[in-house]
Each structure stands twice: as structure tokens, then as C-alpha cells.
Amino acid sequence: MTRIILGPLIGGLRHNGVNLWARADGDGMLYAWVGRKADLSDAKLVGASLLVAAAGYAARVPVHGLEPATTYHYTLTLTDRPPAAGQGPYPSFTTAPLPGERTDFAFAFGSCFMPGISNNGKTLWHLEDLRKPLDLRFLLMLGDQIYADAWWGNGLNRVALTEDDYRAVYLHTWGHPAWQTATRSLPVFMILDDHEVDDDWAWTSSERYEGRIPWWHPILRRLKKQPPEALHLSHRRIQAAIQTYWEHQAMHAPPLIHPPEGVKHDRPLLLTTDDGHFAYTFTYGPAAFFVMDTRTQRVYKQRMLNRAQWEALETWLLEVKDQFPVKFIVSSVSVLFEMWGDFTRDRWNGYPDERRRLLHLIAANRVQGVHILTGDLHSSHAVEATLQTPEGKPITVWEFCASPFEQATNKLALFDARKVRTYPIRSYRIHFRFAQPNFGVVQIQFKQGKPQVRFSIYDDHHPEPRYSVLTTPGEGQNNLNRG
Ligand SMILES: [Fe+2]
């Protein structure tokens, strides 16, 4: 008997639909049921997808034709019998408002989850507790949704090497009850960072033939008696990691801008000549999001994004510039935060030309209301940077960072930060830093027709935020409140 072993979760949230996802332990068919009543007595069968071995028995059912800003209940089953009457309440989601609609809303974001290492899922339990009080509409997960290489916490006791290994790490990590509960009724948008493949990895050349990992890993892993294949990063291992990334995180995402070859058969191929990547965009009422893929086309010391993704980003900036008052550029690694002695250079600081290009694009096109969302650092922060524009009137860009849900925290970030000095930054200010397990909340509110964006950091138990900042896109004036 086939069973559902991960999920259900809600991906690809939009004004008229969602993608409902689950992973099973064998062959079968995944049926999606949606209704307005909590007991699903009015449920309709809205679609079904095959569960096949080649996709790790993971599948998403695209659901179309829903009403905007409307709450629905749902369930996924392995038979075509309607959900039993008298059960429930079933989990729910609320569809997005119409694109461009000026409406208030809030969402959460964060990154880095290795359950059992510090607070046993407490941050995600707390997120679930605050979901209703804060009226959170979705959760952005900015990377390190698993730690495939962390043999001491990935459930395998060794570095993941094969597709089955990576799938086992997903099962171990996402099977945690806090994760399951937090993602059941809060739609998710995900993007990978490094640990979905290996720590601080990059391709060695634009041919994308093999990967590299920092030099100390082979030494340490040999000492810890890890298998020989864990001492380097073969194409085969990257392929296995990206396959399982697709199965768990990408297949339920909004449509990719330029999908890698093979994706339409649920088998991304990573061909050497393929410009494809995993970036995507979406909108939620007055806000537009560009979710970058900073990893799968990264070439060590050469490039962070490939040309196809740069073009997409430029096009998007111009498209949303006047149409959406609030913009979010989602980057798994930090653009506007640097630390002394950060010799890994695994963030945008390692690709200074491209970082200038990104900031220059925003400044030269005078794009107001840009907020960068990031994670990865195992500490959180809010940074305000003023950019020089061609005619001299400055533009403000913010970076909001939330990390980790659960990981060893980075206390160094509290006193080791250094100013980011690069063209076209004119002034730079860190508003706060925080180095305990946390998640971020962004609230968008319209006051007299003008948007205000509040970023707050919540720890793993206080009902009130530990820090918060308020930005007023388009006005260049910002206030600070400390919680
Ligand atoms: Fe991390």
C-alpha cells in the first residue's frame, strides 16, 4: 500500500490557483480535493498526477480556476474516493489578490533548517503559532532547506551521494513535525542555497562539468571516514542533488523563467550548454518578487548568475518599476552585508563586479521600493543603502535577512560586520543584527495610498518581534523602531 510520506504542501500560490504537492513511498496516483468548507463536505476533485519512481514518487497537482483572495480547504489522497465526511478540519490556504491590487498583507521568510541541532523545531512551531495572529499569507524559504553534507545531522550519518541519499535527507529534515505543521497551511515559495548540494559549492568552469568544495572538506571528511566520493564534488553528485531539489522544492514553484532542459519530464539534465536556471517571479497584490537562482549557474570566482538570468532580471525590473510599488529581489546569499575575514567569499562579496551591476541596474533605472530578501548567514539584519542615481537624486535599497530557523548561530556577525563600499552606494547603515534562531515577517500596509513596509524579526518563542524597521518606498525617509 502506497502512503504519503511528505506533505501536503501548497506551492505556486497565485490569484487563481496553487500547486498542491506531496511525496509518496511508491507508485500510484495523487488526487487533489478542494472545497470551501473545513470538513470538505463540498470538496471537488480538482486534478490528479502520477507518482513515479523517476521523480522519487513526488508530484504536484496544479489547481486552476480558483477565485482571488478566497480561502479554500484541501487534501491530497491516493484514491479517487472523496475525503471521508465528518473528518477535518482540513488545512487551508487563501489565494492571492489580483496582481497589482493595492491591498495590505504580510508574509514570513527565513532559511537554514537542521532540526535537532539547537531548539528542535521551536522556530517553526512559533511561526505556526503566529500564522493566524499576523495573518501571514505565505512563507519564503531562502535556502538550506536541507543540509545534505552535514553527516552529523542529516539522518544518514554520512554525506549524501546518490538520489536516494538526498531523498532520505529530505525525508529526515522535512519529516520533522514542526516543518510538517508549519508548511501545511502556509503556502511556500522555495529556492536553493548551497547545502541542497554541498557546502559553499560552485562549478569549476562554465562547462559545468564538475563542482568544487572548499579545501578543508576533503581533509575533515577523510578524518571522519566519509566515503571517497564525499571528498570531491562529481557531476553525478550534483545531478543527484538537483534532481531531488526539483522533486521537493522546484516542481511546485511558479513557472520558471528559463527552465533547464529535462524539467518537463521531471528530470533536470544540467547539460553543459544549457542556459537554464531555477529563477522565477511571482506577484502578490501590490508586490512583485524575483527569486534568483544564485547557485546552479555559479562558476567559482567567475560568475554568480549567467547571462540568461541577468537578462531576465533586467527585463523584470523595468516591467515592475511603475506597476508595483513594492519590489522584492530574493537572493539566497547576502548582497549588502559583509564580514571581516570572510575568506569563503561565497556571497555577493566574492563577485564584486556582478554586485555593482545589480546595484547599478537599480540606480540607473531609478527603480524605487526595492527590498532584497536574504538568509544564509545564521544571523539576521536590516541594512539600508542609499544609491547614487545619474541625476543625483538618491534611491534607497534595503536588505532584510532572516536566518537560521535552526542552525548554529553566527555571533561573529554581531561585531564583525564591515561597511559595504562599492559603486553606486553613497551611504550605508546597519539598523540591527540578531544572532538567535529566527524568522522574518514583512508587512505591507497602505497609509493614504502610500505603501509602508515593516520588517520584523521574531525569535523562537517571544510573541513580539525582537527588532523591526519601517520603510516608506519612494520617499527616501525611514523610521526605526526597536522592539
Ligand atoms: Fe545555512
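Residues numbered from 1 in each chain as written. Predicted model: local features only at pLDDT ≥ 70, side-chain atom pairs only at ≥ 80, totals over all residues. Heavy atoms only, no water.

### With respect to the sheet that holds strand S17 (residues 370-374)
Argument step 1. What the seven strands build is an open sheet, ordered S13-S14-S15-S17-S19-S18-S21; its pairing is mixed. The open sheet terminates on both sides in strands that have one partner only, identified here as strand S13 (280-284) and strand S21 (425-434). The average undirected angle you get between the axes of adjacent strands in this sheet is 20 degrees.
Argument step 2. Where helix H6 (residues 307-320) meets the sheet, its contacts fall on S13, strand S14 (287-291) and strand S15 (326-330), and the angle it forms with S14 comes to roughly 175 degrees.
Argument step 3. Here helix H7 (residues 352-364) sits on the sheet and contacts S15, S17, strand S18 (380-387), strand S19 (395-401) and S21; the angle it forms with S18, its principal contact strand, is near 55 degrees. (Pairing = 2+ DSSP bridges. Helix = DSSP H or I, 4+ residues; strand = E, 2+ residues; numbered from the N terminus. Axes fitted to C-alpha atoms, helices over the stretch in contact; angles between N-to-C directions. Contact = heavy atoms within 4.5 Å.)

### Some remarks on the sheet that holds strand S4 (residues 44-51)
Adjacent strands of a sheet form backbone hydrogen bonds with each other and so pair up, either parallel or antiparallel.
Argument step 1. Pairing is antiparallel across the open sheet formed by four strands, whose spatial order is S4-S3-S6-S7. Two strands bound the open sheet, and with one partner strand each, they are S4 and strand S7 (92-94). Here the average twist between neighbouring strands, direction ignored, is 30 degrees.
Argument step 2. Alignment of strand S3 (residues 28-35) against strand S6 (residues 71-77), held across five bridges, turns out to be antiparallel. Bridge pairing in S6 links alanine 32 to leucine 76.

### Describing the packing of helix H2 (residues 163-174) against helix H5 (residues 235-250)
Argument step 1. Packing of H2 against H5 brings their axes to within 8 Å, and their N-to-C directions diverge by 40 degrees. The angle between H2 and H5 falls in the class oblique. In the packing of H2 onto H5, the handedness of the crossing is right-handed. Here H2 contributes Glu163, Tyr166, Arg167, Tyr170 and Trp174 to the contact with H5, which in turn contributes Arg237, Ala240, Ala241, Gln243, Thr244, Tyr245, Glu247, His248 and Gln249.
Argument step 2. The residue makeup of the contact of H2 with H5, split by class, is six nonpolar, four polar and four charged. (Parallel < 35°, antiparallel > 145°, perpendicular 65-115°, else oblique. Left-handed = near helix turned anticlockwise from the far one by under 90°. Nonpolar A, V, L, I, M, F, W, Y, C, P; charged D, E, K, R; others polar.)

### Quick notes on the side chain of asparagine 438
Argument step 1. Inspection of the secondary structure puts asparagine 438 in the loop between S21 and strand S22 (439-447).
Argument step 2. For asparagine 438, a relative accessible area of 0% translates into the label buried.
Argument step 3. There is a polar contact of 2.8 Å between the side chain of asparagine 438 and the backbone oxygen of serine 403.
Argument step 4. For asparagine 438, the side chain forms a polar contact with the main-chain oxygen of glutamine 436, separated by 2.7 Å. (Buried < 20%, exposed > 50% of the residue type's maximum accessible area, 1.4 Å probe, protein only. Polar contact = N/O pair within 3.5 Å; in protein donor to acceptor, adjacent residues only side chain to side chain.)

### Observations regarding the packing of aromatic side chains
Argument step 1. Evaluated as defined, the whole model comprises 34 aromatic pairs.
Argument step 2. Taken together, a centroid distance of 5.0 Å and an interplanar angle of 90 degrees make the contact between tryptophan 151 and tryptophan 152 edge-to-face.
Argument step 3. By relative accessible area, which is 14% here, tryptophan 151 ends up buried.
Argument step 4. An angle of 75 degrees between the planes, with centres 5.8 Å apart, marks the rings of tryptophan 216 and phenylalanine 343 as edge-to-face. With a gap of 127 residues between them, tryptophan 216 in helix H4 (residues 216-223) and phenylalanine 343 in the loop between strand S16 (338-339) and H7 connect regions that are remote in the sequence. (Phe/Tyr/Trp six-rings, centres within 6.5 Å; stacked < 30°, edge-to-face > 60°.)

### Quick word on the pattern of salt bridges
Argument step 1. In the structure shown here, the tally under the stated rule is 24 salt bridges.
Argument step 2. The shortest N-O distance in the salt bridge between arginine 167 and glutamate 247 comes to 2.7 Å. In this pair, arginine 167 sits in helix H2 while glutamate 247 sits in helix H5, placing the two residues 80 residues apart along the sequence. The exposure classification of arginine 167 matches that of glutamate 247, with both residues buried.
Argument step 3. Measuring nitrogen to oxygen at the nearest pair gives 3.2 Å for the salt bridge that ties aspartate 346 to arginine 298. Separated by 48 residues along the polypeptide, aspartate 346 in the loop between S16 and H7 and arginine 298 in the loop between S14 and H6 bring together distant segments of the chain.
Argument step 4. Note on aspartate 346: relative accessible area 4%, which makes it buried.
Argument step 5. For arginine 298, a relative accessible area of 1% corresponds to the buried category. (Salt bridge = Lys/Arg side-chain N within 4 Å of Asp/Glu carboxyl O.)

### A short note on the coordination of the iron ion
Argument step 1. On the protein side, the iron ion has Cys112 (SG), Asp144 (OD), Tyr147 (OH) and His378 (NE2) as donor atoms, found 2.1 to 2.5 Å from it.
Argument step 2. Taken together, the four donor atoms coordinating the iron ion span angles of 87 to 170 degrees at the metal, a pattern that classifies the geometry as irregular.
Argument step 3. Mapped onto the sequence, the residues coordinating the iron ion show the spacing C-x31-D-x2-Y-x230-H. Here cysteine 112 is found in the loop between strand S8 (105-110) and helix H1 (122-131), whereas its partner tyrosine 147 is found in the loop between strand S9 (136-141) and H2, with 35 residues between them in sequence. Here the two residues cysteine 112 and tyrosine 147 agree in accessibility, since each one is buried. (Donors = N, O, S within 2.8 Å, 3.2 Å for Na, K, Ca; no water. Tetrahedral: all angles 85-135°; square planar, octahedral: opposite > 155°, others 65-115°.)

### Some points on the domain arrangement of the chain
Many authors give the size of an interface as the accessible area that is lost as the parts come together.
Argument step 1. For the chain, the assigned domains read domain 1 (1-95) and domain 2 (97-481).
Argument step 2. Computed over C-alpha atoms only, the centres of domain 1 and domain 2 are separated by 27 Å.
Argument step 3. On the side of domain 2, 30 residues touch domain 1, which itself brings 28 residues to the contact.
Argument step 4. Both faces considered, domain 1 and domain 2 share a buried interface measuring about 2300 Å² in area, 61% of it formed by carbon and sulfur atoms.
Argument step 5. If you look at where domain 1 meets domain 2, you find one salt bridge.
Argument step 6. The interface formed by domain 1 and domain 2 contains 12 residue pairs in polar contact (both at pLDDT 80 or more).
Argument step 7. Here the element with the most residues in the side of domain 1 that touches domain 2 is strand S1 (residues 4-14); it accounts for nine residues.
Argument step 8. Tallied by class, residues from the side of domain 1 that touches domain 2 come to 17 nonpolar, nine polar and two charged. (Domains from an automatic or database assignment. Buried area = accessible area lost by both parts, 1.4 Å probe.)

### A word on H2
Argument step 1. Taking 1.5 Å per residue, 12 residues should reach 16 Å; H2 reaches 16 Å between its end C-alpha atoms and fits that length.
Argument step 2. Taken residue by residue, H2 has Asp165, Tyr166, Arg167, Val169, Tyr170, Thr173 and Trp174 as its buried positions.
Argument step 3. Here the buried face of H2 lies against S1, strand S2 (17-24), helix H3 (177-184), strand S10 (188-190) and H5. (Expected span 1.5 Å × (residues − 1).)

### Some details on the pairing of S18
Argument step 1. Most of S18 is tucked away: eight of the eight residues are buried.
Argument step 2. The alternating pattern of S18 places Ser380, Ala382, Glu384 and Thr386 and His381, Val383, Ala385 and Leu387 on opposite faces, both of which are buried.
Argument step 3. In this structure, S18 lies alongside S19, joined through seven bridges in antiparallel fashion. Of the residues in S19, the one forming a bridge with leucine 387 is isoleucine 395.

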